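Close look at the chain arrangement
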Amino acid sequence: MIRDRIASPISGAHVSRRNFLASCAAVGGGLMLSLNLPLGRIGAAGADGFAPNAFIRIGSDGQIVLTMPYVEMGQGTYTSIPMLIAEELEVKLDQVRLEHAPPNEKLYVNPMLGVQATGNSNALRGSWTPLREAGAAAKAMLIAAAAERWSVDVKSCRAQDGEVIHETSGRRLKYGELATEAARRPVPKNVELKRPHEFKLIGTPAKRLDAAGKVNGTAVYGMDARPSGVKIATLAQSPAFGGKVKSVDDRAAKAVKGVRQIVRLDDAVAVVADHMGAAKKGLEALKIEWDGGDYAKLSTQDIARELEQATLRTGAVAQNIGDADKAMTNAETKVEAIYQVPFLAHAAMEPMNCTVHFRGSECEIWIGTQAIARVQAMAAKAAGLPPEKVIVHNHLIGGGFGRRLEADGAVRAVEIAMHVDGPVKVVWTREEDIQHDYYRPYWFDRLTAGLDKDGKPIAWNHRFAGSSVIARWLPPAFANGLDPDSTEGAIDLVYKFPNFRVEYVRVEPPGIPTGFWRSVGPSHNVFVTESFVDELAAAARQDAVAYRRALLEHNPRARAVLDLAAERAGWGQPLPKGRGRGVSLQNAFGSYLAQVADVEVARAGTVRVHRVVCAMDCGTVVNPDTVEAQLQSGTIFGVTAALHGEITLKNGRVEQTNFDTYQMLRINDTPVIEVHLVKSSEPPGGMGETGTSAIVPAIANAVFAATGKRLRKMPIDPKMLKQA
Amino acid sequence: MGFNISINGRTHSVDVDGDTPLLWVLRDVLGMTGTKFGCGMALCGACTVHINGTAIRSCITTIDSVGASKITTIEAVGATPTGAKIQQAWLDQEVAQCGYCQSGQIMSATALLASNPYPTDADIDDAMSGNICRCGTYVRIREAIKRAAQLNGKAGQP
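Quantities reported herein were computed from a predicted structural model and do not represent experimental measurements. Here the residue index of a chain counts from 1 through its sequence in written order. Chain letters and ligand numbers both follow the written order, the letters beginning at A and the numbers at 1. Totals for whole chains, interfaces and linings use all residues, but because this is a predicted model, local features are given only for residues with pLDDT of at least 70 and pairs of side-chain atoms are given and counted only at 80 or more.

Some thoughts on the overall build of chain B
Defined as follows: Labels follow the DSSP assignment, with helices taken as runs of H or I lasting at least four residues and strands as runs of E lasting at least two, numbered in each case from the N terminus. Throughout, the radius of gyration refers to the C-alpha atoms, and the reference size of a globule is 2.2 Å times the residue count to the power 0.38. Three exposure classes are used. Buried residues have 20 or more other C-beta atoms within 10 Å of their own C-beta, exposed residues have 12 or fewer, and partly exposed residues fall in between, all C-beta atoms being placed from the backbone. By definition, residues are in contact whenever their C-beta atoms, placed on the basis of the backbone, come within 7 Å of each other.
When you go through chain B residue by residue, the secondary structure sums to 6 helices and 5 strands. Seen in sequence order, chain B has helices and strands lined up from the N terminus as β-β-α-β-β-β-α-α-α-α-α. On C-alpha atoms alone, chain B measures out to a radius of gyration of 15 Å, which is about the 15 Å that the 2.2 N^0.38 rule sets for 158 residues. If one aligns the C-alpha atoms of chain B with their principal axes, the spans along those axes are about 50 × 30 × 25 Å. A buried classification covers 58% of the 158 residues belonging to chain B. At a minimum sequence separation of 6, the contacts of chain B that also span at least 24 residues come to 62%.

Concerning the overall build of chain A
From N to C terminus, chain A includes 19 helices and 28 strands. Looking at chain A residue by residue over its 724 residues, the buried ones come to 57%. Partitioning the contacts of chain A with sequence separation of at least 6, the portion at a separation of at least 24 is 78%.

Notes on the sheet that holds strand 14 (residues 316-321) of chain A
Residue and element names in this part refer to chain A. To keep it simple, the criterion reads: Strands pair, by our definition, only if DSSP identifies at least two bridges between them. Axes here mean lines fitted to C-alpha atoms, for a helix over just the part in contact, with angles spanning 0 to 180 degrees between N-to-C directions.
In spatial order, the strands read 14-22-21-20-15; together these 5 strands make up an open sheet with mixed pairing. Two strands bound the open sheet, and with one partner strand each, they are strand 14 and strand 15 (333-341). For this sheet, the mean angle separating the axes of adjacent strands, direction not counted, is 10 degrees. Sheet topology note: the strand 21 (residues 457-466)/strand 22 (residues 500-506) ladder contains 7 bridges and is parallel. Its bridge partner lying in strand 22, Trp460 is registered against Phe500. Set on the sheet, helix 14 (residues 520-539) makes contact with strand 15, strand 20 (443-451) and strand 21; between it and strand 15 the angle comes to about 150 degrees.

Considering the interface of chain A and chain B
Accessible area lost during the coming together of the parts is what is often quoted as the interface size. The criterion, for reference: The classification used treats Ala, Val, Leu, Ile, Met, Phe, Trp, Tyr, Cys and Pro as nonpolar, Asp, Glu, Lys and Arg as charged, and all other residues, Gly among them, as polar.
Contact with chain A, which involves 47 residues of that partner, is made by 47 residues of chain B. When residues of the side of chain A that touches chain B are traced back to their parent elements, those giving at least two are helix 7 (276-285) and helix 17 (624-644) of chain A. If you tally residues by element for the side of chain A that touches chain B, the top one is helix 17 of chain A, at 6 residues. Residues of the side of chain A that touches chain B, tallied by class, amount to 21 nonpolar, 15 polar and 11 charged.

Observations regarding the packing of helix 2 (residues 77-89) of chain A against helix 4 (residues 123-150) of chain A
All names here are of chain A. The condition is simple: For classification purposes, an angle smaller than 35 degrees is called roughly parallel, one larger than 145 roughly antiparallel, one from 65 to 115 roughly perpendicular, and anything else oblique. The crossing is said to be left-handed when, going from far helix to near helix, the turn is anticlockwise and less than a right angle, and right-handed when the turn is clockwise.
Contact geometry of helix 2 with helix 4 gives a least axis separation of 7 Å together with a crossing angle of 30 degrees. It follows from the interaxial angle that helix 2 and helix 4 lie roughly parallel. As helix 2 runs across helix 4, the sense of the crossing is right-handed. For the pair formed by helix 2 and helix 4, the contact residues are Thr77, Ser80, Ile81, Leu84, Ile85, Glu87, Glu88 and Leu89 on the first element and Ala123, Leu124, Ser127, Trp128, Leu131, Arg132, Ala134, Gly135, Ala136, Ala138 and Lys139 on the second. When the residues that make up the contact of helix 2 with helix 4 are grouped by side-chain class, the tally is 11 nonpolar, 4 polar and 4 charged.

Concerning helix 18 (residues 690-707) of chain A
Test applied: Expected span of a helix: the number of residues minus one, times 1.5 Å.
Along its 18 residues, helix 18 of chain A runs 27 Å from first to last C-alpha, staying within 8% of the 26 Å computed at 1.5 Å per residue. With respect to burial, helix 18 of chain A is a largely interior element, 16 of its 18 residues being buried.

Some details on the domain arrangement of chain B
All names here are of chain B. We count it as follows: Domain boundaries shown here were taken from an automatic or database domain assignment.
Segmentation of chain B into domains returns domain 1 (2-76) and domain 2 (78-150). Each partner contributes residues to the interface: domain 1 has 16 residues there, and domain 2 has 13 residues. Examining the composition of the side of domain 1 that touches domain 2, we find that 3 residues originate from one element, strand 3 (residues 48-51), more than from any other.

Focus on the nonpolar core
Residues and elements named next belong to chain A. To keep it simple, the criterion reads: Think of a nonpolar core as buried Ala, Val, Leu, Ile, Met, Phe, Trp, Tyr and Cys residues, each tied to the set through C-beta atoms within 7 Å.
Leu142, Val271, Ile365, Ala379, Ala565 and Ile699 are the most contacted members of the largest nonpolar core, which has 277 residues in total. Looking at this core element by element, the count peaks at 14 residues for helix 4. Once residues within four sequence positions are removed from consideration, Ile699 is found in contact with Gly582, Ala597, Val599, Val609, Val639 and Ala642.

Side note on helix 11 (residues 408-417) of chain A
Burial runs high along helix 11 of chain A: 8 of the 10 residues are buried. Among the residues of helix 11 of chain A, A:Gly409, A:Ala410, A:Arg412, A:Ala413, A:Val414, A:Glu415, A:Ile416 and A:Ala417 are the ones counted as buried.

Section: the environment of A:Ile58
All names here are of chain A. By the secondary structure assignment, Ile58 is in strand 3 (residues 54-58). In sequence terms Ile58 and Ala206 are 148 residues apart; their C-alpha atoms lie 22 Å from each other. Beyond its immediate chain neighbours, meaning those up to four positions away, Ile58 contacts Gly30, Leu31, Ile64, Ala138, Tyr175 and Ala179.

Structure, rendered in structure tokens:
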């Protein structure tokens, strides 16, 4: 599927494989291969054909350097992607060095979409075929160069551990000695990739290449950038979105030792100081009066009401199979439900920050971002400079989860830096970070299903309303009232429904920005659909696993993970009073995942998740250790959302401020998480987000099993579960 | 006013207000960026350092309260036997993901193990529940602490 996307010529002309892989001599000798890696789900090929954004350089010293556009934010990309090249190129993993691509309009940016970003669990998925092909092509060119030098048949040579070997004579040449000659050879049109049983690296656990600096304090995040002479600033932005600064009394702030300057913007005030301690103290001493603006009275309830109203209108049809309305009239039983999920903040451990040195005619930026080209473009606009005058240094990311796909932090830092002589690091307090996020949208869902006399679903109607992040972030991808993100997890369900209709009503809530949040569309849709399927099973008085299973005859991959999860979780075995098991099943990000959660509901209504069993078919497993780590990680992210996650507005302001009011799961509440993998030779699926969307309905369904109470609104409200 | 503080065996003189949190002296004044800022209210543990071997949150520890105490940060904790064991266990168990919180996690875990060589699950919960990891590496943090405890010599202890 990925490959089809890469090869599909958007211009209409046939684009051959060769257009997507080109070679040239590297500066300073050696071989350079350039290729195109897809950066979004919306296709990769540029309108003009080949637009390389990744480069493999084999130097005369034998060092192999991969320059690529994806960033490491904890998901293990910097380890799993070099494995793909090393596998086909026949080198050890530690021979491949990774460099992050700088922003460059011509080289790294998809010319049609203008995005250079890491998100939607697509880094490894997108790289799977092109990087292995590039490795295989480079190997073939190196072998051909050696054969030519020795005047022997190519077929009598083979590659092993960074060398080409001539079998019969035993002659050997290192890649570094061959690279410059190899660069003069044509790139092979077709290369044969290894078959799974030939893999030496893929499928074996590889140690993460970025681990050492993360245990001794030497890893450098955007927050740690320290250009010479840097000042530290912190800021207060209008508490109500869209509000303005009315007046500032900065006399007391200026008197704070170490405070150098107060910068007043239209909608924010920043305190520039020698260190963050002084900047924060200065901020607290500021007396700011705000003009709340148009949304100064806004509350979450206003938004929920607007969304509820919107679900009474018809929406854009996202999927339509059969005739759900007609089938509904024949239903023996009708099940109706309304679901809601809240706004959520990202709360990455590294608060938002950006360091900027504005020099008038150019601008230098230090940041950790998932979308470096977006940062460059938006910072350039804010600075009134052409993009090439904005230099962006990317850093490790102290948690992305979608937050660092946005460039608002860089724009704000540029606005401040334009008033400051010398470099300034703008650091958001945790409170600013939580109160000025781009939030996971609030969603409102209305569902109706019809069951026949055996309890089988014969009709499914689902209409939901909420914000389209894509429409703002990537406008060309929003078309006919739909985008591929908002609907993922609501359409193309794993189950077979004869009559099925899904509609989406786009509503942009006023006064609160929305953004991508780990597991994006499925973070909402999988909770809704998997909870509702559970409701249907209950209405049919059938076991939740057996009910799902009966709808999966056509879908062996989904059925396999469901069976495996149920078996390993001990599905059906008795549990103590107050405990319950719940199941969920999804196909999202190219991977199949079933989860069984085992929860306990206390008399006070509080929920504890004891154990989560995951059964995953993510296609070919590249680094099994990363698969396990990402499932643990994604699951805990989802447990946090189910138990604690809620951002609310009152008088236009986000009410939550720090980790006391916006709580995170901690180690003492962490469940046992078991990961079981189904062997597969399908292309790799995404990993980083799967657990987050699947675990929420598994928990809600487990609470139903334990208490008989159906949770249709997140997060879990203990008051609703409290026993009298 | 000036303060002389002992960090990782060296004395540093800094000229800041007495109520300045140690975190910012470390990061911004002295350029030791291994210690991280996460919340500023001792809610997340990212800023954890040792004062005389005890784990404390440097974001709420004012510089005038430090006195002659010996401060150890992530940059030097590997020089202690327990710190080195914890760091090795972190690598062996592949704990880190984004890694931002791990300085604080390692400082908390080292302080735990230095005072309690064979911690139980409950001990680990008590010592580590002040450290948030948004990537959710808790399962492996627990495993790594147990692994480091085994390196203390009594393999198989609970």
